[in-house]
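Overview (structure and organization)
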Amino acid sequence: MCAMPGSELVENQEALVRPEIPLFDRNPDPALDELVELASVLCGGDYAYLGWMDYNRLWFKSRFGFRASDQPRGSTACQWMLDTGEPLLIENAGVDARFPPGGIPLPGAELCLSYAGAPLISSSQQVVGTFAVLSQQPSQFRPEHLTLLEILARQAVTRLELYSRIRVQEAAQRARQRAERALAIERCFVAATLDSIPALVTVLDTAGRMVRMNDSCAQLTGLSLADAVGRRFVDEVLGPDDREWVSARLRDAAGGQVSGPHETLWRAAGGPAARDQARRVSWTLRPLEGPNQEIQYLIVSGQDVTDKRQMEMALNSTEARYREVVENSLGFVFTCTMDGRLTSLNAFTAETLGTSAKALLGRMVTDLLDSSGATLFQEALRILETGGEWQGALHLKRSDGVYRRIAMRSRRTQLPGERPFILNHGMDVTEQHEAEEALHLATRQRELILQSVGDGIYGIDLNGRLTFINEAGARALGYTPEQLTGQNVHAMIHHSHADGTPYSKSTNPILQALRLSEPLRMRDEVFWRKDGTSIPVEYSADPIMEDGRISGMVVSFQDVSERRRLEKMKDEFISTVSHELRTPLTSLRASLGLILSGSLDKRPEKQRQMVEVAIGNCDRLIRLVNDILDFDSVKSGKLPLHRQPVEAIDMLRRAADVAHYRAKEVRISFNIDAPARPVVFADEDRVMQVLNELTTNAIKFSPPDTTILLAAQPAGTGASGAPEVCFIVEDQGRGIEPEKLERIFERFQQGDASDSRDLGGTGLGLALCRSIVEQHGGRMWAESVVGKGSRFLFTLPAASQAGAK
């Protein structure tokens, strides 16, 4: 489209725009290209073009001799031709002041000196463009060339206007097609809308004949649109009883009145509107006016309310049944206001409370509760104030003063248009609660019994899985009760014999007794602990009977490890004491027998020797008996202690003097070391008893030509914070293995089992010594290096603090 400079050209341009279809566009046109080429040939020009101009540029629609698509307006010769609207001839632009030196510029071409151009004038005398030829030579064009250009320009305009008219017609055609499509879409949209809504819609003419119905209506009635059109609505859709009065309503609607809603039976798919097949429809009748304000159609719009009416009937029936159920319920059902005032209750509630419903209505619920229950219910009301529900147990008082325990469940309820209220439902659980309390008490008693029993007790079900175990049993097996519950007992604790061979389920005594429903008593069995070690046990298993049928087994077991150890110690003690008694008694009897026989009468020295042997054996027997009696006294706490300050070095010397002769016999010497001369607060006789035992043992286990160290030195403070003195008895014997350093202080224990036979002794000495030291408030221990000797150490309270106490 061309835009001309100046107001007149702008008006021309606006006139061209009015058809809204421009003459020019940028699409190539072969016919115009041929006209441009023809003009160049006929006029002898080097270049030719046809185009239009806007305020800034000249646009080329067709061109010959160059390829540019546009050119700045100020550098063209056409702007001078368009100023006048007349053809323009320039013979030599090189001498024309309107152009730069050298000629007229053309993009992509040489400067031109000759120019001939004619305006493109439309049939309405509007200048719409330019048709020009250019040459590099001066005076190339003459006036007759302008005439030729005007002829070709008219041909070009004719063709462009033809194109414009065709485009106008095509645009009008497209607009008409768009309008028709929009109308069709609107009709389809209205039809689709009617067919998609669940409402029943039928369009009637003013005579009551059907014109259109939507899919919902067609599906309900079973009528197709083709069958329905032209037929009377009342005859095809309604039953005989409704046709007369509905026809009257149709006539009123044809007069402009709106009618409805009405509710009638419509025919259903498959037959006429009989009552057993018809559907109940609520419908409204409205008139539809045309452009001239006349009633053209009647619109029947309705809704199938058959299911709704059936639901309402069912709801009414259900409500009646619920009312009957509530009234005859064997539970508490009552309502109250949000502040707890009774508004309704069923007969069972009144009967259980020993009064009538009339007497209870209007009373506060808290009046029927004990003090704790009233407080609890008030708290429930505060909770229900914000919604939700509450559950709890309340004690309701009967008219005779007896309280019944009621498990309550309360919910805040609000019906449309009414104030909120509380719906309460409860069950009398008095007997159940009492039974549960008794069961809980029995269960608690059973648990206390199980926990107080020292033996292990566990139960298994018919599959051999553990159902319960007491703490003592779990602890003995190295587990917690939770780790064993639900586990297969055989696989956990009874899977192998004592020698490690597998214990099959088929030979397991407990599982056999379970299958046979028989009790069982077993000795010399083992159970396996969590750490993989076994413990010797004795157990009994008894079936659990419920309703005459076995439901499992209860097993009571006892760890007999300590009993076995004590029995072994007893046997060793009896053996040791028997040996210790038999040896001196045999020697004593032999010595006395020789003396009594008189065979030594003539040998007084030998006789004296026999007497000394007899006395020595008597002393040995006395010491044995004293050790046993003293140990028993210490263990029972009946050994008296007469404490007084005593110098440690004095006791060490006395101990060395007592053992001097025996040590001399085996070539053993003593080294006494107590440079600080500490003083202890102790029973001197009992401490000497300890030192004598330790020196005797040192001599017994030391080789000849060795030295025994007897020492005493300050040892700092003990556990009570008081200063102590440490006594040391050290030998150079064979030593004691590390794992036996603590065991030798137990009853009837020695460093080597053969020592009791080879060296004598009951195994009570060190145990008695430790007990005496501990009764003084000290402690006793041993240190040893095998092959180099042993050190026995014990501490006693120093006299400085103990005497003050």
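Attention in this report is confined to the structure presented alongside it. (Residues numbered from 1 in each chain as written. Predicted model: local features only at pLDDT ≥ 70, side-chain atom pairs only at ≥ 80, totals over all residues. Heavy atoms only, no water.)

1. Quick word on the pattern of salt bridges
Taken as a whole, this structure holds 29 salt bridges when the rule is applied. Taking the shortest distance from any N to any O, the salt bridge between E263 and R309 comes out at 2.8 Å. In this pair, E263 is assigned in strand β9 (residues 259-266) and R309 in helix α9 (residues 306-327), connecting sequence segments 46 residues apart. A relative accessible area of 24% places R309 in the partly exposed class. The partner of R654 in a salt bridge is E684, and the shortest N-O contact between them spans 2.4 Å. Of this pair, R654 sits in helix α20 (residues 648-658) while E684 is found in helix α22 (residues 684-700), placing the two residues 30 residues apart along the sequence. For E684, a relative accessible area of 21% puts it in the partly exposed group. (Salt bridge = Lys/Arg side-chain N within 4 Å of Asp/Glu carboxyl O. Helix = DSSP H or I, 4+ residues; strand = E, 2+ residues; numbered from the N terminus. Buried < 20%, exposed > 50% of the residue type's maximum accessible area, 1.4 Å probe, protein only.)

2. Some points on the sheet that holds strand β23 (residues 668-673)
The mixed open sheet is built from five strands, whose spatial order is β23-β25-β26-β28-β27. Single-partner strands in this sheet number two, and they are β23 and β27 (780-785). Neighbour-to-neighbour, the strand axes of the sheet open up by a mean angle of 20 degrees, direction not taken into account. For strand β26 (residues 723-730) and strand β28 (residues 789-797), the ladder comprises seven bridges, and the chain directions are antiparallel. Within β28, the position partnered with E724 by the bridge is P797. (Pairing = 2+ DSSP bridges. Axes fitted to C-alpha atoms, helices over the stretch in contact; angles between N-to-C directions.)

3. Thoughts on unusual backbone geometry
Omega for the peptide link from G260 to P261 comes to 0 degrees, which places this bond in the cis form. With respect to the helices, strands and loops of the structure, P261 is situated in strand β9. You will see that D524, though not glycine, has its phi angle at about 55 degrees, which is positive. Tracing the chain through its elements places D524 in strand β19 (residues 520-528). Assessed through its relative accessible area of 62%, D524 is described here as exposed. Even without a glycine there, the phi angle at R667 is positive, about 60 degrees. Within the fold, R667 resides in the loop between α21 (660-665) and β23.

4. Here we look at a nonpolar patch on the surface
A contiguous nonpolar patch, built from V211, L288 and Y297 and spanning about 220 Å² of accessible area, is present on the exposed surface. In this fold, V211 is placed in strand β8 (residues 210-213). (Patch = residues over 30% accessible without salt bridge, like charges linked within 9 Å, V, L, I, M, F, W, Y side chains within 5 Å. Areas by Shrake-Rupley, 256 points an atom, 1.4 Å probe, with all protein chains shown as cover.)

5. Let's talk about the packing of aromatic side chains
Counted by the stated rule, this structure contains 12 aromatic pairs. With a centroid separation of 6.4 Å and 70 degrees between ring planes, the pair formed by Y47 and F66 is classed as edge-to-face. Of this pair, Y47 sits in strand β1 (residues 47-53) while F66 sits in the loop between β2 (57-64) and β3 (70-72); the two residues are 19 residues apart in sequence, bridging distant segments of the chain. Taking the relative accessible area as the measure of exposure, Y47 reaches 8% and is therefore buried. Geometrically, the ring pair formed by F527 and F557 is edge-to-face, given 5.2 Å between the ring centres and 70 degrees between the ring planes. You can see F527 sitting in strand β19 and its partner F557 sitting in strand β21 (residues 549-559), a full 30 residues away along the chain. For the residue pair F527 and F557, the accessibility class agrees, reading buried in each case. Among the aromatic side chains, those forming a connected cluster through ring pairs are Y47, Y49, F60 and F66. Taking the ring centre of F745 as reference, the NZ or CZ of R770 above it sits at 4.0 Å. Cation over ring: R779 sits above W781, and NZ or CZ is 4.2 Å from the ring centre. (Phe/Tyr/Trp six-rings, centres within 6.5 Å; stacked < 30°, edge-to-face > 60°. Lys NZ or Arg CZ within 6 Å of the ring centre and 35° of its normal.)

6. A word on the sheet that holds strand β7 (residues 200-205)
As summarised here, the arrangement of the five strands in space is β8-β7-β11-β10-β9, forming an open sheet in which the pairing is antiparallel. Every interior strand has two partners, whereas the edge strands, β8 and β9, have only one. With direction set aside, neighbouring strand axes in the sheet form an average angle of 25 degrees. Bridge analysis of β9 against strand β10 (residues 279-289) gives six bridges, and the strand direction is antiparallel. Of the residues in β10, the one forming a bridge with T264 is V281.

7. Let's talk about empty space enclosed by the protein
Any space left empty among the atoms is revealed by the rolling of a water-sized probe across them. Taken as a whole and judged by the stated rule, the model has two cavities of 30 Å³ or more. There is about 70 Å³ of room inside the largest cavity. Forming the boundary of the largest cavity are Y458, I460, G464, N488, V489, H490, H494, N508, I510 and L511. Every element with two or more residues in the lining of the largest cavity is listed here: β17 (456-461), α16 (489-493) and α17 (509-516). Class assignment of the residues belonging to the lining of the largest cavity gives a composition of five nonpolar, five polar and no charged. Approximately 60 Å³ is the volume found for the second largest cavity. Lining the second largest cavity are F334, L342, L345, T349, L353, L360, V365, L368 and L396. Classifying every residue of the lining of the second largest cavity by side-chain character gives eight nonpolar, one polar and no charged. (1 Å grid on protein atoms, 1.4 Å probe; cavity = no way out; pocket = protein on both sides within 12 Å on 5 of 7 lines; lining within 4 Å. Points joined across faces, edges and corners; volume = space filled by probe spheres on them. Nonpolar A, V, L, I, M, F, W, Y, C, P; charged D, E, K, R; others polar.)

8. What to know about the packing of α22 against helix α24 (residues 765-775)
The contact between α22 and α24 brings their axes to 10 Å, and the two run at 145 degrees. Two packed elements cross with a definite hand, and for α22 against α24 that hand is left-handed. Contacts between α22 and α24 involve R686, Q689, V690, E693, L694 and N697 from the first element and G765, L766, L768, C769, I772 and V773 from the second. Residues that form the contact of α22 with α24 fall into these classes: seven nonpolar, three polar and two charged. (Left-handed = near helix turned anticlockwise from the far one by under 90°. Contact = heavy atoms within 4.5 Å.)

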